[in-house]
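Working through the structure, step by step
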Amino acid sequence: MALTKEMKKLILTLLALFSAVGAIHAQPTGFNTGMPFGLIGPKELDHLEAYAKKEGVDLMGDMKRAYQKDEVALGRVFAFSLKFKKLDRDAKTYGQIIYSSLLNLAGTYGVERYSLLVAAQPEAVRQRIRDFIYYDATQAPKKHRKEAEASARKSAPILFPSDYVFGAGNAIFTKG
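**Quick word on the overall build of the protein**
Of regular secondary structure, the protein possesses eight helices and zero strands. Here the protein, with 176 residues, has 47% of them falling under the buried criterion. Intrachain contacts of the protein at a sequence separation of at least 6 include 72% that bridge at least 24 residues. A total of about 9000 Å² of accessible surface is found on the protein, and carbon and sulfur atoms cover 57% of it.

Spelled out as structure tokens, the structure:
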């Protein structure tokens, strides 16, 4: 399924909205929690879509279905996370889509249901998705990072249980 102009516009609108909401509701530490992977535009979405197609995945079609409460499609979107080997342009675009899906779908499903959907994934997928979402907390200024990480864990304890370790066994988030 090709990404139509309307779908691209919707995705870009959602990303812009989340950026604005993040700026308005920035942590008390002052960092923007809306776009942890940077600004994402049409070129980045097109590039990611082309990569997904090359991998035989209808990523944007599955995202559309996920936003229509198709949990199986959301699982396929989550599984695609394992295709990334480094935090490059496509991984950052994907990461922003996943981060935004938490913000948006938590409103649809609820944070608990969304968290349970992530928790139900195979271990490698579960770790990768948690890392993409938790990455935002790691972008807080160093002096406020512990506070941001504690806040993330407190707001979604099923998504980030006490035994969750950011980047554990995950090459794209391992600190080098």
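From this point, the discussion proceeds with the structure in view.
**Notes on the pattern of salt bridges**
In the structure shown here, the tally under the stated rule is seven salt bridges. Between Lys 53 and Glu 49 there is a salt bridge whose closest N-O contact spans 3.8 Å. Placement of both Lys 53 and Glu 49 in helix H2 (residues 42–54) is noted, with a separation of four residues, approximately one turn of the helix. Take Glu 49: its relative accessible area is 9%, and that puts it in the buried class. For the salt bridge of Arg 65 with Asp 62, the shortest nitrogen-to-oxygen distance reads 2.9 Å. Here Arg 65 and its partner Asp 62 are both found in helix H3 (residues 59–67), three residues apart, which amounts to about one turn of the helix. When its relative accessible area of 26% is taken as the criterion, Arg 65 is described as partly exposed. Here the residues in one salt-bridge network are Asp 58, Asp 62, Arg 65 and Arg 76, joined through shared partners.

**Description of the environment of Tyr 67**
Relative to the assigned elements, Tyr 67 resides in helix H3. Between the C-alpha atom of Tyr 67 and that of Thr 108, which follows or precedes it by 41 residues, the distance is 8.4 Å.

**Observations concerning the packing of helix H5 (residues 89–109) against helix H7 (residues 123–138)**
Interhelical geometry of H5 versus H7 gives an angle of 85 degrees and a closest axis separation of 9 Å. The angle between H5 and H7 places the two elements in the roughly perpendicular class. Contacts between H5 and H7 involve Ala 91, Tyr 94, Gly 95, Ile 98, Tyr 99 and Leu 102 from the former and Ile 129, Phe 132, Ile 133 and Asp 136 from the latter. Grouping the constituent residues of the contact of H5 with H7 by class yields eight nonpolar, one polar and one charged.

**Side note on the nonpolar core**
Leu 48, Phe 80, Phe 84, Tyr 94, Ile 98 and Tyr 114 are the most contacted members of the largest nonpolar core, which has 45 residues in total. Among the secondary structure elements, those contributing two or more residues to this core are H2, H3, helix H4 (71–79), H5, helix H6 (111–119), H7 and helix H8 (145–155). At eight residues, the largest contribution of residues to this core is made by H5. Those residues in contact with Phe 84 that sit more than four places away from it in its chain are Leu 48, Tyr 51, Asp 90, Ala 91, Tyr 94, Arg 128, Phe 132 and Ile 172.

**Things to note about the side chain of Arg 126**
Relative to the elements of secondary structure, Arg 126 occurs in helix H7. A polar side-chain atom of Arg 126 sits 3.0 Å from the main-chain carbonyl oxygen of Ala 119. Apart from residues no more than four positions distant in its own chain, Arg 126 is found in contact with Val 118, Ala 119 and Gln 121.

**Some points on the environment of Ala 168**
Tracing the backbone through its elements, the reader meets Ala 168 in the segment after H8. Its relative accessible area of 38% is what places Ala 168 among the partly exposed residues. Put simply, Ala 168 and Arg 128 are 40 residues apart on the chain and 9.1 Å apart in space, counted from C-alpha to C-alpha. Once you skip the residues sitting within four places of it in the chain, Ala 168 turns out to touch Gln 127 and Asp 131.

Conventions we followed
- Residues numbered from 1 in each chain as written.
- Predicted model: local features only at pLDDT ≥ 70, side-chain atom pairs only at ≥ 80, totals over all residues.
- Heavy atoms only, no water.
- Helix = DSSP H or I, 4+ residues; strand = E, 2+ residues; numbered from the N terminus.
- Buried < 20%, exposed > 50% of the residue type's maximum accessible area, 1.4 Å probe, protein only.
- Contact = heavy atoms within 4.5 Å.
- Areas by Shrake-Rupley, 256 points an atom, 1.4 Å probe, with all protein chains shown as cover.
- Salt bridge = Lys/Arg side-chain N within 4 Å of Asp/Glu carboxyl O.
- Axes fitted to C-alpha atoms, helices over the stretch in contact; angles between N-to-C directions.
- Parallel < 35°, antiparallel > 145°, perpendicular 65-115°, else oblique.
- Nonpolar A, V, L, I, M, F, W, Y, C, P; charged D, E, K, R; others polar.
- Core = buried A, V, L, I, M, F, W, Y, C linked by side-chain atoms within 4.5 Å.
- Polar contact = N/O pair within 3.5 Å; in protein donor to acceptor, adjacent residues only side chain to side chain.

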